[in-house]
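The chain contents come next:
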Amino acid sequence: MSVQPFPQRPTPGGAASVERVTARFLRMLSITLEQLEAVRDADARAEFAGLSVRAGVLEQETNELEREIEDACLSAFAAPLSAGELAFHLVVFRSLTNLERVGDYALKLARDLEHFAPRARSATLQDVLPLVRLLSRMLERLAYAFAERDVGAAREVMRLDYEQVDALYEQMQRASLTRLLERPEDTEVALTAGRIARNLERLGDHLVNVAERLEALVLGRVAGQ
């Protein structure tokens, strides 16, 4: 379901700001997708060295974009805007913290995997990959939803989280507990696997928060319109 955004007549400055902020917001989403793809590539090559450095470089770009978008939104708030343009900037402004946290969790994942991959059993690492693939899918759908103002894609992000991410999270936590009980000498790895699962589940929660705001924007339910 695709709904055309902003039926109100756009203002010249507001329309330009919407276009500029949209491009940068989409870049923030693509950065996290790159971080997760780097994890999948490292697993495919069985080589995790340097993963956290790569993720850290991308995280720095995320932080810079967050500041840039925040400044753009604040400038827009001080200018004449249509109701739709105002709603758009409010949604983006409120979502910046979510995307910043998404980047943080992706960086933590890279650091944990680089540190523990040489000592972890392959089963532990393979538990992570389904969640990473699913979150990558959610990021792709969220980017599409944001670019096209597509309610159906936004709702798919929510559905994937509720129906699959939470289940995989519980599965990873149970597997970590089982390994902890069966192999006490692997305690640190088991606890790290549990932490990775928790961080990935929270990453998904932040994507859902953005999707929910986007749905409200397209349906005209954003407070402040």
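It should be noted that the structure appears before, not after, this text.
Only a predicted model underlies this, so the values are computations on that prediction, with no experimental measurement involved.

Visitor: How would you sum up the overall build of the protein chain? Please name residues and give values.
Guide: Across its full length, the protein chain carries 6 helices and 0 strands. Shown N-terminal to C-terminal, the secondary structure of the protein chain runs as helices and strands in the order α-α-α-α-α-α. In terms of overall size, the protein chain behaves like a compact globule, its C-alpha atoms giving a radius of gyration of 19 Å where 225 residues would be expected to give roughly 17 Å. Along the first, second and third principal axes, the C-alpha set of the protein chain runs to 65 × 30 × 25 Å. Within the protein chain, buried positions represent 50% of all 225 residues. By sequence separation, contacts in the protein chain at least 24 residues apart represent 83% of the contacts at least 6 residues apart. When the 28 basic and 35 acidic side-chain charges of the protein chain are each reduced to a single mean position, those positions are 1 Å apart.

Visitor: How would you explain the side chain of Asp104 if you had to name every residue and give the values?
Guide: In this fold, Asp104 is placed in helix H3 (residues 83-116). In terms of polar contacts, Asp104 uses its side chain to reach the side chain of Arg101, at 2.7 Å.

Visitor: Go over the pattern of salt bridges with me, naming the residues and quoting the values.
Guide: Across all of its chains, the model carries 12 salt bridges by this definition. A salt bridge links Glu34 to Arg54, with the shortest nitrogen-to-oxygen separation between them at 3.2 Å. Of this pair, Glu34 sits in helix H1 (residues 12-45) while Arg54 sits in helix H2 (residues 51-77), placing them 20 residues apart in sequence. Notably, a salt bridge pairs Asp41 with Arg45, separated by 2.8 Å at the nearest N-O pair. Here Arg45 and Asp41 lie together in helix H1, a separation of 4 residues that amounts to about one turn. Put simply, Arg137, Arg141, Glu156, Arg159 and Glu163 are held in one network by salt bridges that share partners.

Visitor: Let's hear about the environment of Ala147: which residues, and what values?
Guide: As for its position among the elements, Ala147 is in helix H4 (residues 122-148). Each C-alpha atom of the pair Ala147 and Leu26 lies 7.5 Å from the other, and the pair is 121 residues apart in sequence.

Visitor: Before we move on, can you summarise the packing of H2 against H3 with the specific residues and values?
Guide: Here H2 crosses H3 at 170°, and the two axes come no closer than 9 Å. Taken together, H2 and H3 sit at an angle that is classed as roughly antiparallel.

Visitor: Lay out H3 in plain terms, naming residues and giving numbers.
Guide: Taking 1.5 Å of rise per residue, the 34 residues of H3 would be expected to cover 50 Å, and the 50 Å separating its terminal C-alpha atoms lies within 8% of that figure. Remark: the principal bend of H3, roughly 35°, maps to Ser95. Taken across its 34 residues, H3 has 24 buried, putting it largely inside the fold.

Visitor: I'd like to hear about unusual backbone geometry, residue by residue, with values.
Guide: A positive phi angle is found at Arg149, which is not glycine, with a value near 55°. Following the sequence through the fold, Arg149 ends up in the loop between H4 and helix H5 (151-182).

Visitor: An account of the environment of Gly204 is needed here, citing residue identities and associated values.
Guide: Mapped onto the elements of the fold, Gly204 is located in helix H6 (residues 187-218). The class for Gly204 is buried, based on a relative accessible area of 0%. The sequence separation of Gly204 and Asp161 amounts to 43 residues, and the corresponding C-alpha distance is 6.3 Å. The residues touching Gly204, leaving out its near neighbours within four places in the chain, are Leu135, Met138 and Asp161.

Visitor: Break down the packing of H5 against H6 for me, citing the residues and quoting the values.
Guide: Axis separation between H5 and H6 bottoms out at 9 Å; the angle between their running directions is 165°. Viewed along their axes, H5 and H6 adopt a mutual orientation that is roughly antiparallel. Crossing of H5 against H6: the hand is left-handed. Here the residues of the contact of H5 with H6 are counted per class, giving 18 nonpolar, 5 polar and 8 charged.

Visitor: Please set out the packing of aromatic side chains residue by residue, giving values where relevant.
Guide: Under the counting rule described, the total for this entry stands at 3 aromatic pairs. Ring centres 5.8 Å apart and planes at 80° place the aromatic pair Phe77 and Phe93 in the edge-to-face group. In this pair, Phe77 sits in helix H2 while Phe93 sits in helix H3, placing the two residues 16 residues apart along the sequence. Ring geometry for Phe88 against Phe146: centres 5.9 Å apart, planes inclined by 40°, an arrangement best described as tilted. Here Phe146 lies in helix H4 and Phe88 lies in helix H3, a separation of 58 residues in the sequence. Just as Phe88 is buried, Phe146 falls in that class too. Over the aromatic face of Tyr105 sits the side chain of Arg101, whose NZ or CZ is 4.9 Å from the ring centroid. Positioned above the aromatic ring of Phe146, the side-chain terminus of Arg149 is 5.0 Å from the ring centre.

Cut-offs applied
Residues numbered from 1 in each chain as written. Predicted model: local features only at pLDDT ≥ 70, side-chain atom pairs only at ≥ 80, totals over all residues. Heavy atoms only, no water. Helix = DSSP H or I, 4+ residues; strand = E, 2+ residues; numbered from the N terminus. Rg over C-alpha atoms; globule rule 2.2 N^0.38 Å. Buried < 20%, exposed > 50% of the residue type's maximum accessible area, 1.4 Å probe, protein only. Contact = heavy atoms within 4.5 Å. Lys, Arg positive; Asp, Glu negative; His and termini not counted. Charge placed at Lys NZ, Arg CZ, Asp CG, Glu CD. Polar contact = N/O pair within 3.5 Å; in protein donor to acceptor, adjacent residues only side chain to side chain. Salt bridge = Lys/Arg side-chain N within 4 Å of Asp/Glu carboxyl O. Axes fitted to C-alpha atoms, helices over the stretch in contact; angles between N-to-C directions. Parallel < 35°, antiparallel > 145°, perpendicular 65-115°, else oblique. Expected span 1.5 Å × (residues − 1). Bend = angle between axes of the 7 residues up to and from the residue. Left-handed = near helix turned anticlockwise from the far one by under 90°. Nonpolar A, V, L, I, M, F, W, Y, C, P; charged D, E, K, R; others polar. Phe/Tyr/Trp six-rings, centres within 6.5 Å; stacked < 30°, edge-to-face > 60°. Lys NZ or Arg CZ within 6 Å of the ring centre and 35° of its normal.

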